[in-house]
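Each chain, written out:
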Amino acid sequence: MPASRRLADLEKALELRYETLGKAEKRLAITDEIFAKNAIEQRIREEVLPELRQCEAEYWEVLAQEARTCAVEEVEAQNAIDVVVQEVELIENNPNANYPAELLNLLREIRDTLKEPETPVEGKAKLALNLLPGIITYEVELDTEKALRRVKEPFKRLFRGAIEKK
């Protein structure tokens, strides 16, 4: 199966899993009975998130493999990098968030990599793409996952477009 077809299939599967997660989160928000809340949280943790992470991991693995052979426009790569750097800085500077040190260290590593001088922008984008799957597998709070999804989107669009042009 061509990589572009596999990526499209995985995107559809991810969309469905994110929809499931969204519905579970909405249900959790409107439920006020403690045992029902606990049951929803357990199902999210034990069923929804593992499936979501497995699908994301496969998606990023296929995308990272294909990205090695892609040429991307310098301007598009720089735009993707700028968005990711801004998102990472928002996460870092959020005074209300209490993120684990390991997560913040990974985000700083990505930010520092993307800000390195004298590295071609395309190289930075490919390196950052390889770093992102490490974050995805990290056990994070639900609100952090949303922020990380926003961080991934620019790279997803950048390399998905490059793969389709091949």
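It should be noted that the structure appears before, not after, this text.
None of these values were measured; they are calculated from a predicted model.

Novice: I'd like a description of the packing of aromatic side chains, backed by residues and values.
Specialist: Tallying each qualifying case throughout the model produces 1 aromatic pair. Centre to centre, the rings of tyrosine 59 and tryptophan 60 are 5.8 Å apart; their planes meet at 80°, and the pair counts as edge-to-face. Accessibility classification places tyrosine 59 together with tryptophan 60 in one group, the buried group.

Novice: Tell me about helix H3 (residues 74–92), and name the residues and values.
Specialist: The first and last C-alpha atoms of H3 sit 27 Å apart over 19 residues, in line with the 27 Å expected at 1.5 Å per residue. When we look at burial in H3, the residues that qualify are Ala77, Ala80, Ile81, Val84, Val85, Glu87, Val88, Ile91 and Glu92. Looking straight down H3, one finds its buried side chains confined to an arc of 165°; they lie on one side. Residues Val75, Gln86 and Leu90 are exposed on H3 and point more than 90 degrees away from its buried face.

Novice: Summarise the nonpolar core; cite the residues concerned and give the values.
Specialist: Judged by nonpolar contacts, the single largest core of 21 residues is most densely connected at Leu7, Leu14, Leu21, Ile44, Leu52, Tyr59 and Leu63. Looking at this core, the elements with two or more residues in it are helix H1 (3–30) and helix H2 (34–67). Ranked by size, the runner-up nonpolar core spans 11 residues in total, among them Leu103, Leu104, Leu107 and Ile110.

Novice: Can you tell me about the side chain of threonine 31, naming the residues and giving the values?
Specialist: Summarising the element assignment, threonine 31 is placed in the loop between H1 and H2. Owing to a relative accessible area of 15%, threonine 31 belongs among the buried residues under this scheme. Leave out the neighbours within four places in its chain, and threonine 31 touches Ala36, Lys37 and Ile40.

Novice: Run through the packing of H1 against H2, naming residues and quoting values.
Specialist: Close contact between H1 and H2 brings their axes to 9 Å; oriented N to C, the two are set at 160°. In terms of orientation, H1 and H2 fall into the roughly antiparallel class. Note that H1 runs across H2; the crossing there is left-handed. Per-class residue counts for the contact of H1 with H2 are 18 nonpolar, 1 polar and 11 charged.

Novice: If you had to explain the packing of H3 against helix H4 (residues 101–115) to someone new, which residues and values would you point to?
Specialist: When two helices pack together, their arrangement is given by the angle between the helix axes and by the axis-to-axis distance. Following both chains from N to C, one finds H3 and H4 inclined at 145°, their axes separated by 10 Å at the closest point. Along this stretch, H3 crosses H4, giving a crossing that reads as left-handed. Residues Ile81, Val84, Val85, Val88, Glu89, Ile91 and Glu92 of H3 form the contact with H4, whose own contacting residues are Leu104, Leu107, Arg108, Ile110, Arg111, Leu114 and Lys115.

What counts and what doesn't
Residues numbered from 1 in each chain as written. Predicted model: local features only at pLDDT ≥ 70, side-chain atom pairs only at ≥ 80, totals over all residues. Heavy atoms only, no water. Phe/Tyr/Trp six-rings, centres within 6.5 Å; stacked < 30°, edge-to-face > 60°. Buried < 20%, exposed > 50% of the residue type's maximum accessible area, 1.4 Å probe, protein only. Helix = DSSP H or I, 4+ residues; strand = E, 2+ residues; numbered from the N terminus. Expected span 1.5 Å × (residues − 1). Arc of directions from axis to C-beta. Core = buried A, V, L, I, M, F, W, Y, C linked by side-chain atoms within 4.5 Å. Contact = heavy atoms within 4.5 Å. Axes fitted to C-alpha atoms, helices over the stretch in contact; angles between N-to-C directions. Parallel < 35°, antiparallel > 145°, perpendicular 65-115°, else oblique. Left-handed = near helix turned anticlockwise from the far one by under 90°. Nonpolar A, V, L, I, M, F, W, Y, C, P; charged D, E, K, R; others polar.

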